[in-house]
Amino acid sequence: MEALWLSLKLAACVAAILLAIGMPVAYWLAYSTWRGKFLLESVVALPLVLPPTVLGFYALVAMGPRGPLGKLWIALFGHGLAFTFTGLILASVLYSFPFAVQPLTASFEGVDPRLLDASAVLGAGALRTFWRVILPLSLPGVVIAAVLSFAHTLGEFGVVLMVGGNLAGVTRTVSIDIYDHVQSLEYGAANRMALLLLVISFAVLSVVYAVNRRVWTPWAAK
Amino acid sequence: MGGEVNGTMLAAQIRKGRHGPGASSFVLDVSIEVPPGITILFGASGAGKSTLLDCIAGLARPDEGRILLGGDVLFDSVRAIHIPAPKRRIAYVFQTLALFPHLSAEENVAYGLRNLPEGQRRERVGEILAVFRVEKLRKQRPGEISGGEKQRIALARSLVTEPRVLLLDEPLTGLDAELKAAIVDDLRAWNTARAIPILYVTHNRDEVDALGERVIALDNGRVVSAGEPIEVLDAPRRKKLAQAACFENLLNATVLDLREADGVMRVKLGESPCEIEVPLGYAAAGSRVQVAIRAGDILLATERPRGLSARNVMEGRILSLEQRGTMVIARVDCGVTFVAHITPGAVRALELTAGRRVWLVLKTHSCHLVD
């Protein structure tokens, strides 16, 4: 149960952080006219193709006591990053980055450019246009970004194992816990956890897709 | 004059090239003056009308030139001045209207008034909705509103901000003449007290006649003529003008006979055996005239049409079909070559191909006499 609670906490934190930093990145990807934009797009998509162990490995190296991030963290807070919950959040944010940024970018790009022009000639600057026009019209994309990063983080294994290790109550998430149970031939316990994760994932997705449909219909269906 | 901006003139000299490498000539190269009142910007699609409006509104940046509104410099390439769109106070009603789909009519109209206190804002919104007679729609979203009412709300949203200039990009397309006239009356009434320059884009002759105080004809990114509608558009007297007003067909003809009673005369086109009826003009039998016909006024049929009021039906053969944007340019040989504009859908539905036998249908009043 502790593992499940930890997983949910991790997924929620990661989804929140990803929305916050995913939006400016997605905005830039959607509207920048810079020709080298494809480079950033590739970087954003990297976690989709890299094995989690590769990502986890580099994250671990960076967070380790000799890595740049680890050193900085020790200087600031007096303790390391690797094998901590914070370190886990950082690595998961990296790992789920495309799951937040890509739906956001797609939905920002889907907003009719003439609506942005209309907002501009009515006196709104870029920030107001974002809050009043782009964001409300991209709500389905925002919901999907949040759900995907939450669900993706909930189910991750490789990165957690590399960066977090397996410390009960700190970094032992559900997927690790299930793996542990299987390793020690406790199939009953593994099954209970696996089933719980399955049900929770399904419930979260259904709720969100249901909400998503209602949010969408008033103007998009016409 | 006092501090008020009423009665000011908009003046723009704009040169803008095609984007990307290899663009040598300017796509848009115009110098226009728009006094208070309605000025029509007339021209075929692709003539550069929307680009011109975008430059004036500040949504696009000219490569060279100056845009002045009264004493204010909105753009000056030499002095590197480019006032961004939100600060220009130029209202712009787009062809697509661009109403915010997630906001109610009322919220759409209030969008440009965020600097006003709540009470004043509500008052202004109420007033303008009343002027355009759409008060009952305040709580509706654009998706639930009919075309003509959407157009009224888009106008209201732009005008409620008390703009210094109003740009209208074919805002009334698709409306029937009566509704159009009603909206135009409302617009005129609104502008009597304010007298701001209004630049109204259309390629519809009826709208020119209904609105026109002045017309600027644009072709291929150049101003080809400016003045009163009658001078610019009616009875095109010069080749250039005829082309400017989108008469793609300019044919030499010889007058055969006059039929005063029917209000028509018959002319023979070029050296061909092709004869058509055109409106009666000041010409004697045997004299040579030119006939101007818009490509968009020509109908194509794959069988000989019957039971039509149109008097001119000519048999011919398709020489070529060329797609340009959402339009197909068909060249048809009927002894003389006609250019007709049709939609890609029509090409598909009628299975038109080069070499195919077709009939061209022309209303007598689509044939304009030149000299």
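Quantities reported herein were computed from a predicted structural model and do not represent experimental measurements.

## A closer look at helix 8 (residues 139-154) of chain A
For an α-helix, the turn length of 3.6 residues means that residues three or four places apart are oriented alike. The end-to-end C-alpha distance of helix 8 of chain A is 22 Å, a good match for the 22 Å that 16 residues give at a rise of 1.5 Å each. The element helix 8 of chain A is extensively covered by neighbouring structure, given that 13 of its 16 residues are classed as buried.

## Remarks on the environment of Asp76(B)
Residues and elements named next belong to chain B. By the secondary structure assignment, aspartate 76 is in strand 5 (residues 72-76). By the C-beta count within 10 Å, which is 17 here, aspartate 76 ends up partly exposed. Distance from aspartate 76 to glutamate 64, taken between C-alpha atoms, is 7.6 Å for residues 12 residues apart in sequence. For aspartate 76, the contacting residues outside a window of four places in its chain are Arg66 and Ile81.

## Side note on the confidence of the model for chain A
All names here are of chain A. Looking at chain A, the pLDDT average stands at 86 and 95% of residues meet or exceed 70. When mean pLDDT is taken per element in chain A, helix 6 (residues 113-121) scores highest with 95 and helix 11 (residues 187-220) scores lowest with 76. Between residues 216-222, whose pLDDT stays under 50, and residues either more than four places distant or in other chains, the model counts seven contacts.

## Details of the pairing of strand 12 (residues 249-259) of chain B
Residues and elements named next belong to chain B. Bridge count for strand 12 against strand 15 (residues 288-293) is six bridges, and the pairing is antiparallel. By the bridge assignment, leucine 250 is partnered in strand 15 with alanine 292. The sheet contact formed by strand 12 and strand 13 (residues 264-269) spans six bridges and is antiparallel. Note on strand 13: the bridge partner recorded for threonine 254 is lysine 268. The loop that links strand 12 with its antiparallel partner strand 13 comprises four residues; one of these, glycine 263, has a positive phi angle of about 70°.

## Structural notes on the sheet that holds strand 19 (residues 337-342) of chain B
Residues and elements named next belong to chain B. A sheet is described by the order of its strands in space; here five strands give the open sequence 16-20-17-18-19, paired in antiparallel fashion. A single partner strand is all that each edge strand has here, and the edge strands are strand 16 (299-301) and strand 19. Adjacent strand axes in the sheet meet at a mean angle of 45°, parallel and antiparallel pairs treated alike. Where strand 16 lies against strand 20 (residues 357-362), three bridges are found, and the strand directions are antiparallel. Following the sheet pairing, leucine 300 is matched in strand 20 by leucine 360.

## Observations concerning the packing of helix 5 (residues 85-109) of chain A against helix 8 of chain A
All names here are of chain A. At a minimum axis separation of 8 Å, helix 5 and helix 8 run at an interaxial angle of 160°. Comparing their axes, helix 8 and helix 5 come out roughly antiparallel. The interaxial crossing formed by helix 5 with helix 8 has right-handed handedness. On the side of helix 5, the interface is formed by Ser92, Ser96, Phe99, Ala100, Pro103, Leu104, Ala106 and Ser107, while helix 8 contributes Pro140, Gly141, Val142, Ile144, Ala145, Leu148, Ser149, His152 and Thr153. The residue inventory of the contact of helix 5 with helix 8, partitioned by class, reads 10 nonpolar, seven polar and no charged.

## Focus on the environment of Phe247(B)
Relative to the elements of secondary structure, Phe247(B) occurs in the loop between helix 8 (239-244) and strand 12. Phe247(B) sits 121 residues away from His368(B) along the chain, and the two C-alpha atoms are 9.0 Å apart.

## Some remarks on the nonpolar core
In terms of nonpolar packing, the biggest core is built from 124 residues, with Ala59(A), Val163(A), Ala156(B) and Leu167(B) touching the most fellow members. The element contributing the most residues to this core is helix 5 of chain A, with 12 residues. When sequence neighbours within four positions are dropped, the list of residues in contact with Val163(A) reads Gly56(A), Ala59(A), Leu60(A), Met63(A), Ala82(A), Gly87(A), Leu88(A) and Ala91(A).

## Quick notes on the packing of helix 1 (residues 2-31) of chain A against helix 8 of chain A
All names here are of chain A. With their axes 8 Å apart at the nearest point, helix 1 and helix 8 run at an angle of 140° to one another. Between helix 1 and helix 8, the crossing angle belongs to the class labelled oblique. Where helix 1 crosses over helix 8, the two elements pack in a sense that is right-handed. Here Ser7, Leu10, Ala11, Ala12, Val14, Ala15, Leu18, Leu19 and Gly22 of helix 1 lie close against helix 8, whose contacting residues are Val142, Ala145, Ala146, Ser149, Phe150, Thr153 and Leu154. Counted by class, the contact of helix 1 with helix 8 contains 12 nonpolar, four polar and no charged residues.

## As for unusual backbone geometry
Residues and elements named next belong to chain B. The phi angle at arginine 133 is positive, at roughly 55°, despite the residue not being glycine. Assignment of secondary structure puts arginine 133 in the loop between helix 3 (118-131) and helix 4 (147-159). Take arginine 133: there are 14 C-beta atoms within 10 Å of it, and that puts it in the partly exposed class.

Calculation criteria
Residues numbered from 1 in each chain as written. Chains lettered and ligands numbered in written order. Predicted model: local features only at pLDDT ≥ 70, side-chain atom pairs only at ≥ 80, totals over all residues. Helix = DSSP H or I, 4+ residues; strand = E, 2+ residues; numbered from the N terminus. Expected span 1.5 Å × (residues − 1). Buried ≥ 20, exposed ≤ 12 C-beta atoms within 10 Å, placed from the backbone. Contact = placed C-beta atoms within 7 Å. pLDDT = per-residue confidence, 0-100. Pairing = 2+ DSSP bridges. Axes fitted to C-alpha atoms, helices over the stretch in contact; angles between N-to-C directions. Parallel < 35°, antiparallel > 145°, perpendicular 65-115°, else oblique. Left-handed = near helix turned anticlockwise from the far one by under 90°. Nonpolar A, V, L, I, M, F, W, Y, C, P; charged D, E, K, R; others polar. Core = buried A, V, L, I, M, F, W, Y, C linked by C-beta atoms within 7 Å.

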